[in-house]
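Coordinate analysis (summary)
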Amino acid sequence: MGYLMLVLSPTRDNPKSVDLALSLVKKTQRPLLAVFIADLRLTDGISGKVVDIGFLGDSVSTHIEEAVLKDYEARGRKELEEVKAKAGALGLECEIMIRRGYYVDEILKISTEREIEDIIVSRAERSNLSRKLLGSAVNDLLEQAPCPVMVVDDSSVEGHEQ
Amino acid sequence: MFNIKTPLLILAVIVILLILLSPTPEGLTREGQSALAILAMCFILWTSAAIPLSVTSLVAIALLPLLGVMGEGEAFALFGNRAVFFILGAFILAGGMMASGLSSRIALVFLRRFDRSPKWLISGIVTSCAFMALWMPAHAVAAFMFPIVLEIARALELRPRESNYGKALFLSMAWGCVVGGVATLLGGARNALAIGILAEKYGMSISFAEWVMAVFPLTLVLALVVHLVVFRFFKPEIDNVRPARVVLERKVKELGRMSATEKKVLAVMLITVAFWVLLSGRLGLATIAIMGAATLFIIHAITWHDVEKYVNWGVILMYGGAIALAKALEITGAAKWLVTSFLEPFQLGPFALLAVISLISIILTEAMSNAAVVALVLPIAFELLDTGVGLSPIAAVFAVAVPAGLAFTLPIGTPPNAIAYSARYHRLRDSLRVGILLNIIALLTFLFIARFYWPHLGIF
């Protein structure tokens, strides 16, 4: 039986998505793969600000990016341990994983590496206009994911069949 | 993924073509119209950062001779402006402080004295960031303080986006840098850029000491205000900072004894600042800056490799291009035409004009690089002065450059805000809500100082 993949990231950590994943795993008796992605898109902007606007050298922005990513990963480890503990308390099987990379790319990579049946992601509250104008990684994922994706918003849960 | 930068680039091209192909308005020369087209392009590209700021400057400086605004020799010679060399020297000195580890040592030793309680630690961060930003660019201070603050937040086990204390730590870091960065010519290159544009137009200058005398009181008041505002809006949920003390103790221990290189950099920095304060009128700011930077190489305190790691050479292009654009607006009469066509009907007294210029600068700086604000607003402000309102060009320099450095709200406004935001310990709405309040207080304090303190210095 394939995994249900729960994806967390530094800016997308809605506790509702954890609850939803655990309830689905419990209902379907599938293993849970909880993944935290230290999203490089969040640190890409730093270089633009530090190098292009602040006129400091590359090594300064690399230093900051590395510090931020390490912090994201430490934060992710903590969140994943909490998910694992919750799953354990319910007697559910849960595997955890931390990845560093671009959000959509990493999810797609994991989907091909492992047998993933469903993906649960959460996203921050934003207007549709802002998503269209500035782009949305979750929208990109919905277009490219090889399996159904459930998106947990602050106010709702949307299911997207592929 | 959709990239908003491409439509913005296309918009810049359309706008420049539209202005160039329109009939030349009465009172404006053809060259002036071309200069305005370049100004409009710079405004779009500097605001949106669709391409690196320095590349926008490069395009602008190439367009100046191409569109017949000024000769090639004249345009490119402006890259050699002394303000550009002052900025370059100051960046190399700052690079020396970072490469040797001196900047981190000073910050840690300073911070170590404030690790008694949550509020004291916040005070330590605001004070050490503001203090360091007196000596080097504010964003360089944010860059080396950030990993320290991040480690403190982690040691205190603060929950990102939920912990008030986490928000307070990162916002105090950013805002400490911002308020310190306006006080000297070293805190932000925009200050030197403004002096460069002043020298090109009026042949006047502002010495290092004069700048500090005029602006330092503002920094003192704002540093205090930042403390109060942070304590008021982000009440700490923790009551001891023992884990942070452990982090700071470990970091100080890791630094070991002060190295010979650090001592050399410190000596050069102190001597250079002493020269700036005492002799900049006779020797020139840029000459002293370059001598200080060169000394670092001569005594083997830094290498070219270090400088390349810590300084982006685009700095020369950005500031050289900005000065060339300002000069083009002046010599073609484009800035004068803008003022007489759109702004002259609003007859303002000197203080009202100072207030309006400061207000425009502080608003614009939230959305664009503060150097770009100086490059766009100052030439127009100078033309306004020439209509005989009785405001001195030196007051106009302060009215543009100082508020342009006071970006408290958005990450896009200034690198310290962006660096702080990257940790994601606070949400945009946290910095927006409190930052706007800080902007208002900062502007009112600035105007109060201009009205009641500057007359004693002969500025206003």
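Residues numbered from 1 in each chain as written. Chains lettered and ligands numbered in written order. Predicted model: local features only at pLDDT ≥ 70, side-chain atom pairs only at ≥ 80, totals over all residues.

1. A short note on the overall build of chain B
From N to C terminus, chain B includes 23 helices and zero strands. Considering chain B as a whole, with its 460 residues, one finds that 55% of them fall into the buried category. Pairs at least 24 apart in sequence give 83% of the contacts found in chain B among residues at least 6 apart. (Helix = DSSP H or I, 4+ residues; strand = E, 2+ residues; numbered from the N terminus. Buried ≥ 20, exposed ≤ 12 C-beta atoms within 10 Å, placed from the backbone. Contact = placed C-beta atoms within 7 Å.)

2. Quick look at unusual backbone geometry
A positive phi angle, near 55°, is found at Gln29(A), a position not held by glycine. Take Gln29(A): it is sitting in the loop between helix H1 (15-28) and strand S2 (32-39). By the C-beta count within 10 Å, which is 9 here, Gln29(A) ends up exposed. The residue Ala49(B) is not glycine, and still its phi comes out positive at about 50°. Looking at the secondary structure, you find Ala49(B) in the loop between helix H2 (30-48) and helix H3 (53-66). Taking the number of C-beta atoms within 10 Å as the measure of exposure, Ala49(B) has 19 and is therefore partly exposed.

3. Side note on the packing of helix H8 (residues 138-155) of chain B against helix H21 (residues 415-422) of chain B
In a packed pair of helices, the relevant descriptors are the angle between the two axes and the axis-to-axis distance. All names here are of chain B. At a minimum axis distance of 8 Å, the contact between H8 and H21 shows a crossing angle of 20°. By the angle class used here, H8 and H21 are roughly parallel. In this structure, H8 meets H21 at a crossing whose hand is right-handed. Together, Ala138, His139, Ala142, Ala143 and Phe146 of H8 and Pro415, Pro416, Ile419 and Ala420 of H21 make up the contact between the two elements. In terms of residue class, the contact of H8 with H21 is made up of eight nonpolar, one polar and no charged. (Axes fitted to C-alpha atoms, helices over the stretch in contact; angles between N-to-C directions. Parallel < 35°, antiparallel > 145°, perpendicular 65-115°, else oblique. Left-handed = near helix turned anticlockwise from the far one by under 90°. Nonpolar A, V, L, I, M, F, W, Y, C, P; charged D, E, K, R; others polar.)

4. Digging into the interface of chain A and chain B
Of the residues lining the interface, 29 residues belong to chain A; the matching set on chain B comes to 31 residues. By residue number, the principal contributor to the side of chain A that touches chain B is helix H2 (residues 40-53) of chain A, which donates ten residues.

5. Overview of the environment of Val178(B)
Residues and elements named next belong to chain B. Locating valine 178 in the fold gives a position in helix H9 (residues 164-181). Judged by the 32 C-beta atoms lying within 10 Å of it, valine 178 falls in the buried class. For the pair formed by valine 178 and leucine 222, sequence separation is 44 residues and the distance between their alpha carbons is 9.6 Å. Leaving out residues up to four positions away in the same chain, valine 178 has contacts with Ala138, Gly405, Leu406, Ala407, Phe408, Thr414 and Pro416.

6. Points about the confidence of the model for chain B
Residues and elements named next belong to chain B. Summary statistics for chain B give a mean pLDDT of 93 and a share of 99% for residues scoring 70 or more. By mean pLDDT, helix H17 (residues 334-343) is the weakest element of chain B at 88, and H9 is the strongest at 97. We note a pTM of 0.89 for the whole complex and an ipTM of 0.81 for its interfaces. (pLDDT = per-residue confidence, 0-100.)

7. Examining the packing of helix H5 (residues 82-100) of chain B against helix H16 (residues 314-331) of chain B
All names here are of chain B. Interhelical geometry of H5 versus H16 gives an angle of 155° and a closest axis separation of 9 Å. With respect to H16, the axis of H5 lies roughly antiparallel. In terms of crossing hand, the pair formed by H5 and H16 is right-handed. Between H5 and H16, the contacting residues are Ala83, Val84, Ile87, Leu88 and Phe91 on the first element and Val315, Ile316, Tyr319, Gly320 and Ile323 on the second. Among the residues making up the contact of H5 with H16, the classes are represented as nine nonpolar, one polar and no charged.

8. Notes on the environment of Leu134(B)
All names here are of chain B. On the secondary structure map, leucine 134 appears in the loop between helix H7 (118-132) and H8. The spatial distance from the C-alpha of leucine 134 to the C-alpha of leucine 186 is 6.3 Å, given a sequence separation of 52 residues. Setting aside chain neighbours within four positions, we find leucine 134 in contact with Gly180, Ala183, Thr184, Leu186 and Gly187.

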